[in-house]
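A structural walkthrough
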Amino acid sequence: MCGIAGILTVNQHQDNLQTIIQGMQAAIRHRGPDDSGIYIAQEKQAALAHTRLAILDLSFAGHQPMSTPDERYWIVFNGEIYNFEQIRNDLISQGEQFKSQTDTEVILKLYQKVGSDCVRYLRGMFAFAIWDNVEKTCFLARDPLGIKPLYYCQSGSTLVFASELKSILASRLPAINLSAEGLYGYLISGSVQEPNTLIEGVYCLSAGHYLHWQAGKINQQQYWQIDFTPAEISLAEAKEKVRAALIDSIQNHFVSDVPVGIFLSGGIDSTAVLALARQTQKGILKTYSIAFAESEWNEGDIASKAAQEFDTEHTEYKITADLAKALFPKFLETIDQPSIDGFNTFCVSKVAHDDGTKVVLSGLGGDELFGGYGSFQKVPQMVQLGRKIKAFYPLNIGIGKGLENWARSPQLRRLGDFLQQPPDSRAAYRSFRGIFSHQEACKIAQRYLPDRDLPHRYNKNQITSQPTLEDEVSLLEISGYMRNQLLRDSDVMSMAWGLELRVPLVDRMLVETISSIPSNLRLMANKQLLIEAVPELPTWVYNRPKRGFYFPFQQWLQDEWHECFRRVPDFKDIPLGMWYRRWSLALLQHWWDNISN
């Protein structure tokens, strides 16, 4: 796990290329405390930077930027390729020779052999760039499910790219202007929606895409997407299929030259990862969890009980409002783009870091794949209700406007927003998952962008039709909440502590294996298929109400944390009583003040 950055140019910035790339590298130094390097092409059309967190082949043989022996191809890579040994052996059988034991060299040699098709062979999380010093081209790619971020900005003939937005801004090439689309998406959902960022002209390369740069021109192409086409399969066959895929993924995610720990929340997903890890791994397993003084939020006892059940070396960090408040300033410094999540991962990553661990597994992804959220029931209900109400047009529009304008509840305001749109799964999902309604988001955005036209209420980019509404919700959760918020925050917050976070439930091979299981089985209520596929799960883990990995922010913001949010802008007629609304505005204001001054 590392940080990457680069500049590609034809006839700009040659005189200060070194200064620019050094500034970009410095901005992501925290991502790779073990090593760093810079490569500048002789004709100064490319500069690549890398900061390294050494996980595979801890020797200097893993130094990046890395080149082929003839120095034609140069790579900077962030991530882990779990099947690299298999690919390496295949290449060796074809006469290829290797100087290191790294997955980086495997990607490089694979690209040399098959070009852009290399991404189709890779199993893992990745964002990388490969410079061809003969053709003067660059190939950039991001993993299928978007675990690793990759940002870029095109200005004239110059393209800059990096693992974090702050590195792009450190190049001083893009102007610091807010993006209307990025800001609107953030206010609607609580996170910036791919491919936009909060900065105009800076984008995130979409998951499952690659980008080709040549002579100042770029071309993007999608190489992977989820396919939920159902197959005929029995429940018994589905359970067997899921279990085999889970074990395979977890085994692969333990590939490392350093010890691997596990984040343990006490929920079904992280406990399932632990249970199967205990089936596949010998020796000591380290687990980490957070507990709270507030009993209604505390799941520390369940996590500790699970750790005892599966015989782990467990570390629990009991966090109070005062301790969390003391960590908050460093959290604010860490933010790359604001979201309503991330502080939980920031805190538990600190626990693992303080214990000397460099790699951890997380149970992230189970809810999206196995139907663990309320959205899987509520969104289809909303769509069906919306279709019935639409028959009474224009009454539905009038009711919607009334709710959005006058309702006191944020949920009812978003419902009013939904009633004014065509009743499809995307509109219902936005209402269910949302933070502010369309009208509220526009009012807030106008404070920052008073002279800009803002997006329309209805997004014409419809979700690709899926076999069932439940499959559409799964796709929305994977491509929305998981990718834009959970995965992005997990990357930034873990890397702030020099920690590699792996997500075995967000694995291409796993997803491809189970996506053909019909939704009536795969998305059974309360993640029943996952529970039945992992019979090692104790009943006391899943026979209780579901809780997310949340902090008692609502209580803290009313008491000990009140002063931290005094600078929240006041908006007339927009209720800010719910913590996530105040949080989203406070972090946005802090982030904007920080980068615009």
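Data block above holds the structure.
Now for a quick tour of the structure. (Residues numbered from 1 in each chain as written. Predicted model: local features only at pLDDT ≥ 70, side-chain atom pairs only at ≥ 80, totals over all residues. Heavy atoms only, no water.)

**Topic: the overall build of the chain**
Along the backbone of the chain there are 23 helices and 17 strands. Computed over the C-alpha atoms, the radius of gyration of the chain is 24 Å, within 12% of the 25 Å expected from 2.2 N^0.38 for a compact globule of 597 residues. For the chain, the spread of C-alpha atoms along the three principal axes comes to 70 × 60 × 50 Å. In the chain, which comprises 597 residues, the proportion classed as buried is 61%. The contacts of the chain with a sequence gap of at least 6 include a subset with a gap of at least 24, amounting to 72%. Of the accessible surface of the chain, which amounts to about 23700 Å², a share of 48% is contributed by carbon and sulfur atoms. Positive and negative charge centroids in the chain, built from 59 and 67 side chains respectively, lie 5 Å apart. (Helix = DSSP H or I, 4+ residues; strand = E, 2+ residues; numbered from the N terminus. Rg over C-alpha atoms; globule rule 2.2 N^0.38 Å. Buried < 20%, exposed > 50% of the residue type's maximum accessible area, 1.4 Å probe, protein only. Contact = heavy atoms within 4.5 Å. Areas by Shrake-Rupley, 256 points an atom, 1.4 Å probe, with all protein chains shown as cover. Lys, Arg positive; Asp, Glu negative; His and termini not counted. Charge placed at Lys NZ, Arg CZ, Asp CG, Glu CD.)

**Some thoughts on the sheet that holds strand S6 (residues 124–132)**
What the six strands build is an open sheet, ordered S4-S5-S6-S7-S11-S12; its pairing is antiparallel. Every other strand in the sheet has two partners, leaving strand S4 (66–67) and strand S12 (217–222) as the edge strands with one partner each. Relative to strand S5 (residues 73–81), S4 runs antiparallel, the two sharing two bridges. Its bridge partner lying in S5, Met-66 is registered against Ile-75. The strands that helix H3 (residues 103–114) touches are S4, S5, S6 and strand S7 (137–142); relative to S5, the one it contacts most, it runs at about 125 degrees. (Pairing = 2+ DSSP bridges. Axes fitted to C-alpha atoms, helices over the stretch in contact; angles between N-to-C directions.)

**Focus: the environment of Leu-246**
Mapping Leu-246 onto the fold places it in helix H6 (residues 235–252). Residue class for Leu-246 comes out buried when judged on its relative accessible area of 2%. With residues near it in sequence (within four places) discarded, Leu-246 still touches Leu-276, Leu-505, Leu-510, Leu-530 and Val-534.

**Re the packing of aromatic side chains**
Counting across every chain of the model gives 23 aromatic pairs. With centroids separated by 6.1 Å and ring planes inclined at 45 degrees, the aromatic side chains of Phe-128 and Phe-139 adopt a geometry described as tilted. One end of the pair, Phe-128, is in strand S6; the other, Phe-139, is in strand S7, and 11 residues separate them in sequence. Each member of the pair Phe-128 and Phe-139 is classed as buried. Summarising the aromatic geometry, the rings of Phe-328 and Phe-343 are spaced 6.0 Å apart at their centres and angled 70 degrees between planes, so their arrangement reads as edge-to-face. Taken together, the positions of Phe-328 in helix H9 (residues 321–334) and Phe-343 in helix H10 (residues 343–354) put the pair 15 residues apart, joining distant regions of the chain. Residues Phe-328 and Phe-343 agree in their burial class; the two are buried. In textbook terms, an aromatic cluster arises when at least three aromatic residues are bridged by ring pairs, as seen for Phe-328, Phe-331, Phe-343, Phe-346, Trp-497, Trp-579, Tyr-580 and Trp-583. Lying over the aromatic face of Phe-98, Lys-109 brings its terminal NZ or CZ to 4.8 Å of the ring centre. Positioned above the aromatic ring of Tyr-481, the side-chain terminus of Arg-433 is 3.9 Å from the ring centre. (Phe/Tyr/Trp six-rings, centres within 6.5 Å; stacked < 30°, edge-to-face > 60°. Lys NZ or Arg CZ within 6 Å of the ring centre and 35° of its normal.)

**So, the packing of helix H16 (residues 438–448) against helix H23 (residues 579–596)**
Contact geometry for H16 and H23: axes closest at 13 Å, N-to-C directions at 20 degrees. Between H16 and H23, the angle is such that the two are roughly parallel. Regarding H16 and H23, the two cross each other, and that crossing is right-handed. On H23, the residues that touch Glu-440, Ile-444 and Tyr-448 of H16 are Arg-581, Leu-585, Leu-588, Gln-589 and Trp-592. Here the residues of the contact of H16 with H23 are counted per class, giving five nonpolar, one polar and two charged. (Parallel < 35°, antiparallel > 145°, perpendicular 65-115°, else oblique. Left-handed = near helix turned anticlockwise from the far one by under 90°. Nonpolar A, V, L, I, M, F, W, Y, C, P; charged D, E, K, R; others polar.)

**Quick look at the pattern of salt bridges**
With the rule as written, the count across this model stands at 32 salt bridges. Here Arg-508 makes a salt bridge to Glu-512, at a shortest N to O gap of 3.3 Å. Of the two residues, Arg-508 and Glu-512 are both situated in helix H18 (residues 508–514); the distance of four residues between them amounts to about one turn of the helix. Overall, Arg-508 belongs to the buried group, its relative accessible area being 13%. Connected through shared salt-bridge partners, Arg-31, Lys-148, Glu-164, Lys-166, Asp-336 and Asp-491 make up one network. (Salt bridge = Lys/Arg side-chain N within 4 Å of Asp/Glu carboxyl O.)

**A word on the packing of helix H2 (residues 84–93) against H3**
At a minimum axis distance of 10 Å, the contact between H2 and H3 shows a crossing angle of 45 degrees. When the axes of H2 and H3 are compared, the pair comes out oblique. Handedness of the crossing formed by H2 with H3: left-handed. Of the residues in H3, those touching H2 at Phe-84, Ile-87, Arg-88 and Leu-91 are Asp-103, Val-106, Lys-109, Leu-110 and Lys-113. Residue composition of the contact of H2 with H3, grouped by class: five nonpolar, no polar and four charged.

**Quick notes on H10**
Spacing of three or four residues puts side chains on the same side of an α-helix, whose turn is 3.6 residues. With 12 residues, H10 ought to run about 16 Å at 1.5 Å a step, and its terminal C-alpha atoms sit 17 Å apart, in line with that. Judged by how many residues are buried, H10 sits mostly within the fold: 10 of 12 residues are covered. Along H10, the residues that are buried comprise Phe-343, Asn-344, Thr-345, Phe-346, Cys-347, Val-348, Ser-349, Lys-350, Val-351 and Ala-352. Following H10 by one or two positions, Gly-356 has its phi on the positive side, about 85 degrees. (Expected span 1.5 Å × (residues − 1).)

**Brief notes about the nonpolar core**
Ranked by internal contacts, the top residues of the largest apolar core, which has 178 residues, are Phe-128, Leu-187, Phe-331, Phe-343, Trp-561 and Trp-583. Beyond its immediate chain neighbours, meaning those up to four positions away, Phe-128 contacts Ile-4, Ile-75, Val-76, Phe-77, Ile-107, Cys-118, Val-119, Leu-122, Phe-139, Leu-140, Ala-141 and Leu-150. (Core = buried A, V, L, I, M, F, W, Y, C linked by side-chain atoms within 4.5 Å.)

**Observations concerning the pairing of S7**
Burial analysis of S7 places six of its six residues in the buried class, the great majority of the element. On S7, burial covers both faces: Thr-137, Phe-139 and Ala-141 on one face and Cys-138, Leu-140 and Arg-142 on the other are all buried. Where S6 meets S7, six bridges bridge the pair, whose relative direction is antiparallel. Looking across to S7, one finds that Trp-131 is bridged to Cys-138. In sequence, S6 turns back onto S7 through a hairpin of four residues, with Lys-136 there showing a positive phi of about 60 degrees. Note that S7 and strand S11 (residues 209–214) share five bridges and pair antiparallel. Across the sheet, Leu-140 pairs through a bridge with Leu-211, a residue of S11.

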